[in-house]
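# Observations on the three-dimensional arrangement
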Amino acid sequence: MPTDAEVERLRALDEEDDGSSHLNGGEPVKVFVAGASGAVGKPIVRELIQREHDVVAMTSSESKRPLLEELGASAVVGDVFDAQAMIELVRSAEPEGVVNVASKWSVYPTRLSQVTPANKIRKEGARNMVAAAVAAGARRYVNESMMFVYGYGDHATPLTENDPPGRVQRKGLQAVID
């Protein structure tokens, strides 16, 4: 988890925001996207580029750089578990915003062990990405969450962070939610 100081730094930047960035309808900005070559990352990169943002797209694999460059992003390779390297990489990008969607995911997890890599990224990787965003002076930080925490299926109304976690029939998945 991010430290209290890191959270306060991001809050202070948000309060100082004059609303002129493209994130608020102003000019396009530079956005650093971690996990850019994944199932969630690729559509985010496409959308940001379509909206004329300057995107620095990070993948953990050298072989995926060409894919990100074909999308129109500046591609970089990095490891979310290397805190100092993340600080250096994000600082060098000089982004206004940082989006972290890095993940390692098993398609249909039925055992807790199958989500261990994803949980490690969610804990350690997210902590390193927040620290890197703060060190780089980013004004915005977005981190992917997990949708199944609310359970699968249709809901009568859209859910928010204030809604209680859902209950599912798969014991392994429920252990992850709990």
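Structure: above.
Residues numbered from 1 in each chain as written. Predicted model: local features only at pLDDT ≥ 70, side-chain atom pairs only at ≥ 80, totals over all residues. Heavy atoms only, no water.

Okay, the packing of aromatic side chains next. For any pair of aromatic rings, geometry is given as the distance between the ring centres together with the angle between the planes. Inspection of the entire model under this criterion finds zero aromatic pairs. Geometry around Phe 81 places Lys 120 over its ring, the cationic atom sitting 4.7 Å from the centre. (Phe/Tyr/Trp six-rings, centres within 6.5 Å; stacked < 30°, edge-to-face > 60°. Lys NZ or Arg CZ within 6 Å of the ring centre and 35° of its normal.)

Okay, the sheet that holds strand β5 (residues 140-143) next. Read from one edge of the open sheet, five strands run β3-β2-β1-β4-β5, paired in parallel fashion. Two strands lie at the open edges of the sheet, namely β3 (74-77) and β5, each paired on one side alone. Averaged over all pairs of adjacent strands, the angle between strand axes in this sheet comes to 15 degrees, irrespective of strand direction. (Pairing = 2+ DSSP bridges. Helix = DSSP H or I, 4+ residues; strand = E, 2+ residues; numbered from the N terminus. Axes fitted to C-alpha atoms, helices over the stretch in contact; angles between N-to-C directions.)

Of note in this structure, Glu 52 is not a glycine but carries a positive phi near 70 degrees. Unlike most non-glycine residues, Glu 94 shows phi in positive territory, near 50 degrees. As for its placement among the helices and strands, Glu 94 is situated in the loop between α4 (83-93) and β4 (97-100). Look at Glu 94 and you get exposed, because its relative accessible area is 61%. (Buried < 20%, exposed > 50% of the residue type's maximum accessible area, 1.4 Å probe, protein only.)

Attention shifts here to the pattern of salt bridges. In total, this model carries three salt bridges according to the counting rule given. Arg 51 is the partner of Glu 47 in a salt bridge, and the nearest nitrogen-oxygen pair spans 2.5 Å. Using a relative accessible area of 33% as the deciding quantity, one classes Glu 47 as partly exposed. Measuring nitrogen to oxygen at the nearest pair gives 3.9 Å for the salt bridge that ties Glu 69 to Arg 65. Linking Glu 69 with Arg 65, this pair stays in helix α3 (residues 65-71), spanning four residues, or about one helical turn. Each of Glu 62, Arg 65 and Glu 69 takes part in a single network of salt bridges with overlapping partners. (Salt bridge = Lys/Arg side-chain N within 4 Å of Asp/Glu carboxyl O.)

Attention now goes to the nonpolar core. If you look at the biggest cluster of nonpolar residues, it comprises 22 residues, and the most contacted ones within it are Phe 32, Met 58, Val 80, Met 86, Val 98, Met 129 and Tyr 141. Only β1 (30-34), β2 (54-59), α4 and α5 (116-136) provide two or more residues apiece to this core. The element best represented in this core is α5, accounting for seven residues. In contact with Val 80, not counting residues within four places along its chain, are Met 58, Met 86, Ala 102, Ile 121, Glu 124, Gly 125, Asn 128 and Met 129. Counting 13 residues, the second-largest nonpolar core is a separate cluster that includes Val 31, Val 55, Ala 73 and Ala 75. (Core = buried A, V, L, I, M, F, W, Y, C linked by side-chain atoms within 4.5 Å. Contact = heavy atoms within 4.5 Å.)

Looking at helix α2 (residues 41-50), one finds that the buried residues are Gly 41, Val 45 and Leu 48. Burial along α2 is one-sided: seen end-on, the buried residues are contained in an arc of 65 degrees. Two residues or fewer after α2 comes Glu 52, characterised by a positive phi angle close to 70 degrees. (Arc of directions from axis to C-beta.)

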